[in-house]
Amino acid sequence: MNKAITNFVCIATAAIALITSLVYITSKAQGHVIAIMLFLILGALLEILLLFNPGWKFVEYIPFLSLLVAGLLFTKSGADELYAIFSKMNMEGLSTSWIVSAVLIVVTLILAGATTVIYPYRNK
Amino acid sequence: MSKHSAERAVRVATAATSIVLALSLGAVSGARTYSSYVTTVLGGSPFTIKDTEKANKIYEARGNGMPLSKWKTKADSLVQTVAGEGIVLLKNDANTLPLAKGSKVTLFGRSSTDLVLGGTGAGGIDPDRAVDLNKALTAEGFKVNKTMWNFYQSYKGKPGYIRSNGTYMGTLPKDVHIAEPPVSEYTAAVHQSYDTFADAAIVVFSRVGGEGSDMPTGKFGDGNRYLALQDSEKQVLKEIHDSGKFGKVIALINTSNAMELSWMDQNQYGINASLWAGGLGQSGARAIARILDGTVNPSGRLVDTYASNSFSAPAMQNFGDFTFTNGQAINKRIGPANKGDKYLVYREGIYTGYRYYETRYADSVLDPEGTKANSSSGAFADKTWNYDREVVFPFGYGLSYGNSEGHPFQQQLVSSSADERGATFEVKVTNTGNVSGKDVVQLYAQQPYQRGGIEKSAIQLVGFDKTPVLQPGQSTLVTIKVKARDYSSYDAHTLKTYVLDQGDFYFAIGNNAHQALNNILASRGANPARMDEHGDPGCVHLWHNEKPIKLDKAYSGKVIGNIFQSAGLEHYGKRTGYLTRSDWTTFPKPYNKLKATDAMIHDIDAAGGYQAGDKDTSSITTKAKNGLTFAQMHKARFNDPRWEKLLDQMSVDDLVTLVTRSGQVAIPSISFPAQFMKDGPQGNNVRPYVEDGSKATGYCGEVTDASTFNRSLIHQENEAKAEDWIRTDTAGAYAPAMNIHRTPYSGRNFEYYSEDGYLSGEFAYEAVTGLQKHGVVAFAKHFAMNDQETNRQGVCTFADEQTIREIYLKAFERPFTDGHVKATMGSFNRIGCIWTGAHQKLIKNLIRGEWGSMAIVDTDMAINPILQNAGAGLEAGNTMWATSASTFHDQIVKQAAHDKKMLSNLRQSGHIILYTFVNSNGVNGLSTASRVVKVTPPWLKLAYTVVGLLCVIDLALFITLIRKSRNSAHITIESDN
């Protein structure tokens, strides 16, 4: 049962991370940060890797770390978005897809965080 | 707690802390990039001043010393005074106004509860601080229908059904709503309330524009053609009329954009009186109340022509969105970031605003057949062109209380003289009415015109002044002096300079442009049957000029010559087809299908055209240890040799920082403190008062300012703004703004003065001198020809030299010359194909050359390193890039170290910036012994502390997790086997 739940969370994390990168690339961001997408995709792939039991201690933190970096860069780029609005460069406000990306990235981080909590107990 | 549970808890805490830490790090890192901007908003300082020894502090100017609460009251009172003099009485049948004190009134129109105080963007006024009409009227003793008021205030309507007003962001057409609730939704209680508040119905219709987008010329949120009366508004007028309840119907038109107002005289609506009010500032509503009850006698005059059809100006034909037919190829060749695929052609030439309507009228009187002035070409109100059908209110129009005609003041030309050196007129103004009030003397000129010669407006404003308050029967003498340049023309083809043509020059006073023109026509013996009113030759002075006289000496003493040939399409081998009064069937059509030539694309690409200089920069000294500081240069002459020594102390990075980060970052090597420059024309709406953190005063909009026709009052208003700049610790003011109301639809007309360049220039002069008198650096903006918001980033603006000089640069000339403005904010657009910030002739030939000015030439908000290219801009003489962010800095800082030309240009720009700010409030509080040290602002310190704590917690949690993991025999990573 635990294994099924763990696998589901890992797959969900990977899927939402990939969806996030897709939504983000379609947003009207001031300059798409390639690194954000790369870290999201890397995090997703590493989450999938967890399904194959690599057997290393704390391996569940590796995709989490990758996704945390994506979150960090995304928040940093949020400053550019806000400045663009305040400086009148962007007169339309935040695009819906950017806002959706922001929500999804938070969801991704929460799921990746949850993976780090439940992953060691997946076979119990 | 079991070991598993404890470890799980640690894992949960680690995950949660890590997420918060990552997001916090991102936020802090992002905010740090814009630390100057964030500091401006949150307060604090990015630098500190340390005095190495005791020395007197320097103050370019100090505040007036008044307690802040008293100052706020005084400034607020000034807002009301300006509004009181800027409101225009448009109509007053049978002395409908003033209303009796204590009248019971019903306010109609949703805008009655949401007055336009200014506009959006730089002119925004915080509506929460504004005095609303209900409060203003009640304070003045009126009894206001609260049922109606509450209905409007609580009316929700459909989503987004709220008119934009005073937000920082612009407004897009799809989001624009008149926001007038349908009359069918008025409740029974509303209908019943009419009976009790029936002395007068006051209906308020507003229009608001904003930065970043123009007003909708087509469909918008809930209507079509924004400046026309909308169906929902017609229903309101019909409701008032059909109810039969109201003794008087008064329309209050609250807009800075010329609305279509011919409905005012249509019987079906029964309007008895009407007032116009532009941007009212935070408390201008009180002035409306005082005018309604007669406490204040209206004395404002319109600064734009109010046409019956807002599309009828010839400029409207070439307003909006035009794309080169090879736009895609342009983008492919030089990149879309160049924003080089849009254009505008000013085919109307000099015939903007009243210059069109009045000149065509003059020709319809003097030579209707020869000029085809009455043809159908450009006729919007009828099949053929007729002034009285096309124009509702002429430029300069306005009534006052005191007699039944609305003109209680008699103006008499007492003495007059004019020649090639200038003109002087004395006008005796007598109040023949029964109440006290002020009058405006308007002086117009007509230059000799010959068909096929230089285009001339049949009438042009050349002088004005406002009287003091005159009691009934009282007189005053108004003297108006005019420079000859103000009644000359620019001859771009033959003499290539300004000229007083041979022939008759007429000067006339009049209550508005149309009346003055009729006075001249009468003086010229025109056929009265063709005129719409009799003129008075007694109000006219004639000067006959025997021969053409060149006026080619610039303010600086240099010779004036053509410098804007490249702004015309003809420069690129194309034909514009300008409107000419010799044949009014040349009324412009939209200039579609313009293909950019290779030469045009080359000029558009400023970034690509920049040629780097010598790589060896060793001859330019940097990082020298000369021991000079910024403050030590206070009052030093511009050519003082110590400037070079000071500049030698700066590193390449210092110079690039100073120039491309708008002086908003401290530079310790010369002890230069970060400077703050803020919007805007309606007061400092960004930085709060240092004393209590509250927002500074929101003054009236510039259209209201200009409508006062009161020079000294606007000077006084700008001195008050300077006091606010001092009290908000802000060195520079992005004001005044003086682009031209080329059409009624520009979203930003609200913060430009008028359709007339002379009037704009006169008030901009008062603004500049008022601000700078108290140490503020005024940034006259937006230089130049930024007359619409659509495609403002990069639009190629084509016009001829005469038009550019006489109409669009006219507004800037006096502030630059007599006003000695210390800075100008440029514009995003191009003149011809060249971005204004990279336009050498605009900056070096005109500003530095003809006008003899060493003002800072700043960009508009620096956001596009390709369009607003630093290399090309510096080479052309642009001085500063308006951003505190590091985008432009990062772009050129490495290049500058290996580009002698760029480094040399940076030094020249740095010299101008430092010279300007050291002789401004930017030096306040420093001493010759002051040393500026960069510090971390308090908000950033707090942010670092929070992030540091999170790091420690996260690390501690992870170590705990590792320890627990080692100690636990139960937790192992098991294989599936």
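Being a predicted model, the structure only gives us computed values, none of them experimental.

What counts and how
- The residue count restarts for each chain, going from 1 along the sequence in the order it is written.
- Naming scheme: in the order in which they are written, chains are lettered from A and ligands are numbered from 1.
- It should be noted that, the model being predicted, local features are given only for residues of pLDDT at least 70 and side-chain atom pairs only at 80 or more, the latter also being counted only at that level, while totals for whole chains, interfaces and linings use all residues.
- To get the side-chain values, all heavy atoms of the structure are used, and hydrogens and water are removed first.
- Numbering of helices and strands starts at the N terminus; helices are DSSP runs of H or I of at least 4 residues and strands are runs of E of at least 2.
- Relative accessibility decides the category of a residue: with a 1.4 Å probe and only protein chains considered, values under 20% of the type maximum give buried, values over 50% give exposed, and everything between is partly exposed.
- Any two residues whose heavy atoms approach within 4.5 Å are treated as being in contact.
- We get accessible surface area from the Shrake-Rupley algorithm with a probe of 1.4 Å; when it comes to residues, only the shown protein chains can shield them.
- Think of it this way: Lys and Arg go in the positive column, Asp and Glu in the negative one, and His and the chain ends go nowhere.
- All charge positions are set by atom: Lys at NZ, Arg at CZ, Asp at CG, Glu at CD.
- The globule rule is 2.2 Å times the number of residues to the power 0.38, and the radius of gyration it is compared with is taken over C-alpha atoms.
- UniProt positions are given in the numbering used here, feature names are shortened, and annotations may be inferred rather than shown by experiment.
- For the purposes of this section, nonpolar cores are sets of buried Ala, Val, Leu, Ile, Met, Phe, Trp, Tyr and Cys residues that join through side-chain atoms within 4.5 Å.
- The split into domains, and so the bounds of each, comes from an automatic or database assignment of domains.
- Here the buried area means the combined drop in accessible surface, using a 1.4 Å probe, for two parts upon being joined, counting both sides.
- Salt bridges are defined by distance alone: a side-chain nitrogen of Lys or Arg within 4 Å of a carboxyl oxygen of Asp or Glu.
- Polar contacts here mean pairs of N or O atoms no more than 3.5 Å apart (in protein, one a potential hydrogen donor and the other a potential acceptor; neighbouring residues in sequence count only if both atoms are side-chain atoms).
- One bridge is not enough; two strands pair if DSSP finds at least two bridges between them.
- Each axis is a line fitted through C-alpha atoms, taken for helices only over the stretch in contact, and angles between the N-to-C directions span 0 to 180 degrees.
- Any pair of Phe, Tyr and Trp rings, taking the six-membered ring for Trp, is counted once the centres come within 6.5 Å. Such a pair is stacked with planes under 30 degrees apart, edge-to-face with planes over 60 apart, and tilted for the rest.
- Orientation labels follow simple angle bins: below 35 degrees gives roughly parallel, above 145 gives roughly antiparallel, 65 to 115 gives roughly perpendicular, and whatever is left gives oblique.
- A clockwise turn of the near helix away from the far one marks a right-handed crossing, whereas an anticlockwise turn of less than a right angle marks a left-handed crossing.
- Classification used: nonpolar for Ala, Val, Leu, Ile, Met, Phe, Trp, Tyr, Cys and Pro, charged for Asp, Glu, Lys and Arg, polar for all others including Gly.
- The patches described consist of residues with a relative accessible area above 30% and no salt bridge, like charges being joined within 9 Å and nonpolar side chains (Val, Leu, Ile, Met, Phe, Trp, Tyr) within 5 Å.

1. A few points about the overall build of chain A
If you tally the helices and strands in chain A, you get 4 helices and 0 strands. Taken along its principal axes, the extent of the C-alpha atoms in chain A is 55 × 20 × 20 Å. Taking all 124 residues of chain A together, the buried fraction comes to 52%. Of all intrachain contacts in chain A linking residues separated by at least 6 positions in sequence, the fraction that spans at least 24 positions is 78%. A total of about 5,300 Å² of accessible surface is found on chain A, and carbon and sulfur atoms cover 79% of it. Seen as two clouds, the 7 positive and the 5 negative side-chain charges of chain A have centres 11 Å apart.

2. Re the overall build of chain B
The secondary structure content of chain B amounts to 27 helices and 32 strands. The C-alpha radius of gyration of chain B comes to 31 Å, within 12% of the 30 Å expected for a compact globule of 977 residues. Burial status across chain B gives 64% buried among its 977 residues. Across chain B, the fraction of contacts at a sequence separation of at least 24, relative to all contacts at a separation of at least 6, is 80%. Carbon and sulfur atoms form 50% of the exposed surface of chain B, whose accessible area is close to 34,300 Å².

3. Quick look at the UniProt feature "transmembrane region" (unreviewed entry) in chain A
Under the local residue numbering, the UniProt record ascribes the feature "transmembrane region" (unreviewed entry) to residues 6-26, 33-52, 58-75 and 96-121 of chain A. Within the segment residues 6-26 of chain A, helix and strand shares are 100% and 0% respectively, and the terminal C-alpha atoms sit 30 Å apart.

4. Section: the UniProt feature "domain: Fibronectin type III-like" (unreviewed entry) in chain B
The sites that UniProt annotates as "domain: Fibronectin type III-like" (unreviewed entry) are residues 439-513 of chain B. End C-alpha atoms of residues 439-513 of chain B are separated by 15 Å, and the span's content is 1% helix alongside 48% strand.

5. Details of the nonpolar core
Side chains of nonpolar character tend, in soluble globular proteins, to be buried together. Of all hydrophobic cores here, the largest spans 191 residues; its most connected members are Phe108(B), Leu133(B), Tyr186(B), Trp263(B), Phe324(B), Phe783(B) and Phe798(B). Grouped together as the second largest cluster of nonpolar side chains are 57 residues, Ile667(B), Leu867(B), Ala882(B) and Ile892(B) included.

6. What about the UniProt feature "transmembrane region" (unreviewed entry) in chain B?
UniProt feature "transmembrane region" (unreviewed entry): in the numbering of this structure it lies at residues 942-962 of chain B. Between the C-alpha atoms that bound residues 942-962 of chain B the distance is 30 Å, and the span itself is 100% helix and 0% strand.

7. Concerning the domain arrangement of chain B
All names here are of chain B. Taken domain by domain, chain B comprises domain 1 (3-46 + 935-970), domain 2 (88-297), domain 3 (352-586) and domain 4 (606-933). The C-alpha centroid of domain 4 is placed 41 Å from the C-alpha centroid of domain 1. Between domain 1 and domain 4, the residue contacts involve 7 residues of the former and 12 residues of the latter. Here domain 1 meets domain 4 over a buried area of about 770 Å², counting both sides, of which 56% is carbon and sulfur. Contact with domain 4 buries surface across domain 1, with Ser36, Thr40 and Pro46 losing the most and accounting together for 57% of the total. Our count for the domain 1 to domain 4 interface comes out at 0 salt bridges. Across the domain 1-domain 4 interface, the total number found is 1 residue pair in polar contact (both at pLDDT 80 or more). In terms of residues, the side of domain 1 that touches domain 4 owes the most to one element, helix 2 (residues 35-42), which gives 3 residues.

8. Examining the pairing of strand 27 (residues 823-826) of chain B
All names here are of chain B. Going residue by residue along strand 27, you find Ala823 and Met825 tucked away on one face and Thr824 and Gly826 tucked away on the opposite face as well. Bridge analysis of strand 25 (residues 777-783) against strand 27 gives 4 bridges, and the strand direction is parallel. Paired with Phe783 across the bridge in strand 27 is Gly826.

9. A closer look at the sheet that holds strand 18 (residues 489-491) of chain B
Residue and element names in this part refer to chain B. Across the sheet, which stays open at both edges, the 3 strands sit in the order 18-19-22 with antiparallel pairing between neighbours. The open sheet has two edge strands, strand 18 and strand 22 (549-551), and neither has a second partner. Looking at each pair of strands side by side, their axes are set apart by 50° on average, direction ignored. Sheet topology note: the strand 18/strand 19 (residues 497-500) ladder contains 3 bridges and is antiparallel.

10. Side note on the packing of aromatic side chains
For the structure shown, the criterion picks out 48 aromatic pairs over all chains. Summarising the aromatic geometry, the rings of Tyr61(A) and Phe64(A) are spaced 6.3 Å apart at their centres and angled 65° between planes, so their arrangement reads as edge-to-face. A residue pair is termed a helical-turn pair when its members lie 3 or 4 positions apart in one helix, as Tyr61(A) and Phe64(A) do in helix 3 (residues 61-86) at 3 residues. Its relative accessible area of 9% is what places Tyr61(A) among the buried residues. Given the relative accessible area of 2%, Phe64(A) is considered buried. Aromatic rings pair up to connect Tyr351(B), Tyr356(B), Tyr357(B), Tyr361(B), Phe380(B), Trp385(B), Tyr387(B), Trp584(B) and Phe587(B) into one cluster.

11. Regarding the side chain of His889(B)
By the secondary structure assignment, His889(B) is in helix 25 (residues 887-896). When sequence neighbours within four positions are dropped, the list of residues in contact with His889(B) reads Asp653(B), Val656(B), Thr657(B), Thr660(B) and Arg661(B).

12. Concerning the sheet that holds strand 20 (residues 503-509) of chain B
All names here are of chain B. Judged by pairing direction, the sheet is antiparallel, and its 4 strands sit side by side in the order 16-15-20-21 without closing on themselves. Edge positions in the open sheet fall to strand 16 (460-466) and strand 21 (540-545), since each of these has one partner strand only. Within the sheet, the average angular offset between the axes of one strand and its neighbour, ignoring direction, is 15°.

13. Some details on the environment of Ile620(B)
Inspection of the secondary structure assignment puts Ile620(B) in the loop between helix 15 (606-609) and helix 16 (642-648). A C-alpha to C-alpha distance of 41 Å links Ile620(B) and Gly212(B), two positions 408 residues apart in sequence.

14. As for the packing of helix 19 (residues 711-727) of chain B against helix 20 (residues 757-772) of chain B
Residue and element names in this part refer to chain B. Viewed as axis vectors pointing N to C, helix 19 and helix 20 meet at an angle of 40°, and their least axial separation amounts to 7 Å. Judged by the angle between their axes, helix 19 and helix 20 are oblique. By crossing handedness, the relation of helix 19 to helix 20 is classed as right-handed. Listed contacts from helix 20 to Arg711, Ile714, His715, Asn718, Glu719, Lys721 and Ala722 of helix 19 are Tyr758, Glu762, Phe763, Glu766, Ala767, Thr769, Gly770 and Leu771. Its residues assigned to classes, the contact of helix 19 with helix 20 comprises 6 nonpolar, 4 polar and 5 charged.

15. Remarks on the pattern of salt bridges
Residue and element names in this part refer to chain B. Per the stated rule, a full pass over the model turns up 49 salt bridges over all chains. Of the charged contacts, one joins Arg792 and Glu211 as a salt bridge, the two residues approaching to 3.0 Å between their closest N and O atoms. Of the two residues, Arg792 sits in the loop between strand 25 and strand 26 (796-798) while Glu211 sits in the loop between strand 5 (200-207) and strand 6 (219-220), which places them 581 residues apart along the sequence. Of the two residues, Arg792 and Glu211, both sit in the buried class.

16. So, a nonpolar patch on the surface
All names here are of chain A. Together, Leu82, Phe86, Leu94, Ile99, Val103 and Val107 give the surface a local cluster of nonpolar side chains, amounting to about 460 Å² of exposed area. Going through the elements one at a time, helix 3 and helix 4 (96-118) are the ones with two or more residues in the nonpolar patch. A per-element tally of the nonpolar patch places helix 4 first, with 3 residues.

17. Topic: the packing of helix 1 (residues 2-26) of chain A against helix 2 (residues 34-50) of chain A
Residues and elements named next belong to chain A. Between helix 1 and helix 2, the least distance of the axes is 8 Å, while the angle of their chain directions is 165°. If you check the angle between helix 1 and helix 2, you find them roughly antiparallel. In the crossing of helix 1 with helix 2, the sense of the turn from one axis to the other is left-handed. Judged by residue contacts, Cys10, Thr13, Ala14, Ala17, Leu18, Thr20, Ser21, Tyr24 and Ile25 of helix 1 engage Ile36, Met37, Leu40, Ile41, Ala44, Glu47, Ile48 and Leu50 from helix 2. The class makeup of the residues in the contact of helix 1 with helix 2 is 13 nonpolar, 3 polar and 1 charged.

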